[in-house]
Amino acid sequence: MKHTIMGKAGELLWFTDTLVTIRLPAGAGADGISVIEHRMPYGSSPPLHIHRNEDEVFHILEGTMRFNVAGKQLVAQAGQTVLAPKGIAHTYRVDSAAGARCLTVTTRGDFEKMVREVSRAAPAAEMPPRAAPTPEVIAALTEACARNGIDIVGAPLN
């Protein structure tokens, strides 16, 4: 039996307007569990989307996030966990002025693969420069999502 202890360090990536750290890659264990830490600025919000093959679990470490899961609004704060089941449309928005930090937990590796496809290596453990997504960035994200079992079905939260 293989045992893995992941240290504080992890692979740092700039994913859209967030800093992500791959805390546990899907390939580390037999079940393909992936744990990714996200540091997000105020207002960060992905498009409304559906994961076809995996649930997405959000555990909030810092800040406040407003979620839309299956058309229902809910607010989660540090210490709370939100489940976005596979096949259900969901998104979130960071509502705390200082930003937010959360862990996302998924299985099978689809989400992690998509994040890796559209990210670039972070030169340091700091947030990427803020910039509105260009049409090219939106198209690349949409295509990477489709290749990895995620359907973009709507706009981010305002």
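Residues numbered from 1 in each chain as written. Predicted model: local features only at pLDDT ≥ 70, side-chain atom pairs only at ≥ 80, totals over all residues. Heavy atoms only, no water.

Student: Explain the overall build of the chain to me, and be specific about the residues and the numbers.
Tutor: For the chain, the helix and strand inventory stands at 2 helices and 12 strands. A globule of 158 residues ought to have a C-alpha radius of gyration of about 15 Å, and the chain, at 15 Å, matches this closely. The proportion of buried residues among the 158 residues of the chain is 42%. Here the contacts in the chain between residues at least 6 apart in sequence split such that 72% fall between residues at least 24 apart. A total of about 8200 Å² of accessible surface is found on the chain, and carbon and sulfur atoms cover 58% of it. A gap of 3 Å separates the mean positions of the 16 positive and 16 negative side-chain charges of the chain. (Helix = DSSP H or I, 4+ residues; strand = E, 2+ residues; numbered from the N terminus. Rg over C-alpha atoms; globule rule 2.2 N^0.38 Å. Buried < 20%, exposed > 50% of the residue type's maximum accessible area, 1.4 Å probe, protein only. Contact = heavy atoms within 4.5 Å. Areas by Shrake-Rupley, 256 points an atom, 1.4 Å probe, with all protein chains shown as cover. Lys, Arg positive; Asp, Glu negative; His and termini not counted. Charge placed at Lys NZ, Arg CZ, Asp CG, Glu CD.)

Student: Got a sec to walk through the nonpolar core? Specific residues and values, please.
Tutor: With 13 residues, the main nonpolar core has Met40, Phe58, Ile60, Met65, Phe67 and Tyr92 as its most contacted residues. For this core, the secondary-structure elements that each account for two or more residues are β5 (56-62), β6 (64-69), β8 (81-84), β9 (90-94) and β10 (100-106). The element best represented in this core is β6, accounting for 3 residues. Each residue touching Ile60, except ones within four places of it in the same chain, is listed here: Met65, Phe67, Ala76, Gln77, Ala78, Gly79, Gln80, Arg101 and Cys102. (Core = buried A, V, L, I, M, F, W, Y, C linked by side-chain atoms within 4.5 Å.)

Student: Hey, could you go over unusual backbone geometry for me, with residue numbers and the actual values?
Tutor: Residue Ala70 is not a glycine yet carries a positive backbone phi of 55°. Along the chain, the position of Ala70 falls in the loop between β6 and β7 (72-77).

Student: Requested: an account of the layout of surface pockets, with residues and values cited.
Tutor: Roughly 940 Å³ of volume is contained in the largest pocket. Every residue lining the largest pocket is counted, 38 residues in all, and those nearest its centre are Thr16, Asp17, Ser45, Pro133 and Leu141. At the level of secondary structure, the elements contributing two or more residues to the lining of the largest pocket comprise β1 (11-15), β4 (49-51), β5, α1 (110-118), α2 (135-147) and β12 (150-152). Among the elements that line the lining of the largest pocket, the one with the most residues is α2, at 6 residues. (1 Å grid on protein atoms, 1.4 Å probe; cavity = no way out; pocket = protein on both sides within 12 Å on 5 of 7 lines; lining within 4 Å. Points joined across faces, edges and corners; volume = space filled by probe spheres on them.)

Student: Tell me what's going on with the pairing of strand β3 (residues 34-40), and back it up with residues and numbers.
Tutor: Across the 7 residues of β3, 6 count as buried, placing the element largely inside the fold. Across 5 bridges, strand β2 (residues 18-24) lies against β3 in antiparallel orientation. Looking at β3, one finds that Val20 is bridged to His38. Where β3 and β10 come together, 7 bridges link them in antiparallel fashion. Paired with His38 across the two strands is Cys102, which belongs to β10. (Pairing = 2+ DSSP bridges.)

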